[in-house]
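Survey of secondary and tertiary structure
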Amino acid sequence: MRFKDSGESDVDASRRYFGSFAGDYHEAFKGGGEQPLHRLINRAFRQKTFQLRTEWVRTMLTQYGLAGKTVLDLGCGSGEVSVLAASLGARVVGLDVVEPMIALSRAGADAAGVADRTEFRVADIMSAPLPSSDVTLLVGVIEYYQDLERLLARACDATRGLLIIVDTRGPFWRRALRHGLAVMKGFHLYYRPADEVAGLVRRKAFEQTERLVGHSFTAMAFERRTA
Ligand SMILES: C[S@@+](CC[C@H](N)C(=O)[O-])C[C@H]1O[C@@H](n2cnc3c(N)ncnc32)[C@H](O)[C@@H]1O
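Residue positions within a chain follow its written sequence, with the count starting from 1. A pLDDT threshold of at least 70 governs which residues receive local features in this predicted model, and a stricter bar of 80 or more applies before side-chain atom pairs are shown or counted, although totals over entire chains, interfaces and linings include all residues. The side-chain numbers reported here are obtained from all heavy atoms of the structure, hydrogens and water having been left aside.

Re a nonpolar patch on the surface
There is a patch of nonpolar side chains on the surface, built from Phe-172, Trp-173 and Leu-177 and spanning about 390 Å² of accessible area. Using a relative accessible area of 64% as the deciding quantity, one classes Phe-172 as exposed. Patches here are clusters of residues that have more than 30% relative accessible area and form no salt bridge, with a 9 Å joining cutoff for like charges and a 5 Å cutoff for nonpolar side chains (Val, Leu, Ile, Met, Phe, Trp, Tyr). Values of accessible area rely on a 1.4 Å probe in the Shrake-Rupley scheme; residue burial ignores everything except the protein chains shown. Think of a salt bridge as a Lys or Arg side-chain nitrogen and an Asp or Glu carboxyl oxygen that are within 4 Å of each other. Summary of the burial criterion: residues with accessible area below 20% of their type's maximum are buried, those above 50% are exposed, and those between are partly exposed, where the area comes from a 1.4 Å probe applied to protein chains only.

Points about the pattern of salt bridges
With the rule as written, the count across this model stands at 12 salt bridges. We note a salt bridge from Arg-121 to Glu-119, for which the minimum N-O separation is 2.7 Å. A salt bridge links Arg-160 to Asp-134, with the shortest nitrogen-to-oxygen separation between them at 3.2 Å. With Arg-160 in strand 5 (residues 159-168) and Asp-134 in strand 4 (residues 133-139), this residue pair connects regions lying 26 residues apart in the sequence. On the basis of relative accessible area, Arg-160 is assigned to the partly exposed category, the value being 43%. The secondary structure listing takes helices from DSSP runs of H or I that are at least 4 residues long and strands from runs of E that are at least 2 residues long, numbered from the N terminus.

Quick word on the side chain of Asp-10
Relative to the assigned elements, Asp-10 resides in helix 1 (residues 10-19). Here Tyr-190 takes part through its side chain, which lies 2.9 Å from a polar atom of the side chain of Asp-10. Any pair of nitrogen or oxygen atoms within 3.5 Å is treated as a polar contact; in protein, a donor-acceptor pairing is required on top of that, and neighbouring residues in sequence qualify only through side-chain atoms on both sides.

Structure representation (structure tokens):
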């Protein structure tokens, strides 16, 4: 149990929190996990949510068409969505602030036979230079950042075409459980109304093309305005 240090930045809190269970985060996609609390959360919540949101992202990427395109996966975690994008024909750069997540991503790309189309690097997406890309993914990341405006501005500036944003929230009781976990583990969650997120992205010359709300996650797709 650890309560959030008042002086700890959201980047440091994310690095510490996700760094403490990278392997078990990866196991969520299969409903496993070594630590009993993670196994329980993975089986009860994360596995189904991750499957559903990955399918939603797959549909968006397939509709857009990835052949010959570049994808930037910001906060790529253990790399499942990056590997999916590479399998759909893209060249992918995945960035994460936790080194073991990057190691898992590389191993996943190797196992899927897409290592030659992926590059994974340890980087802080709030401060590192971001490579320009046709498609940018922010899956399961925005709710950890109070300075959402900065994070979205950086993601938009890096994106020539499609921007996909997914956060994990769900109904009130589920958000309350997640807040309980955040208090226990010492990080913050900042849930924003979908309209607020969309408004910030629209200000950067994007149109919203898809929105899925009312699930265990909220998902949005935006395309850069051309004229
Ligand atoms: C909930 S996980 C989502 C992982 C992945 N996108 C997915 O869909 O499974 C959030 C990830 O964002 C990463 N992250 C959080 N803040 C970051 C930052 N400032 N720079 C890079 N990665 C960050 C964490 O380390 C973690 O791996």
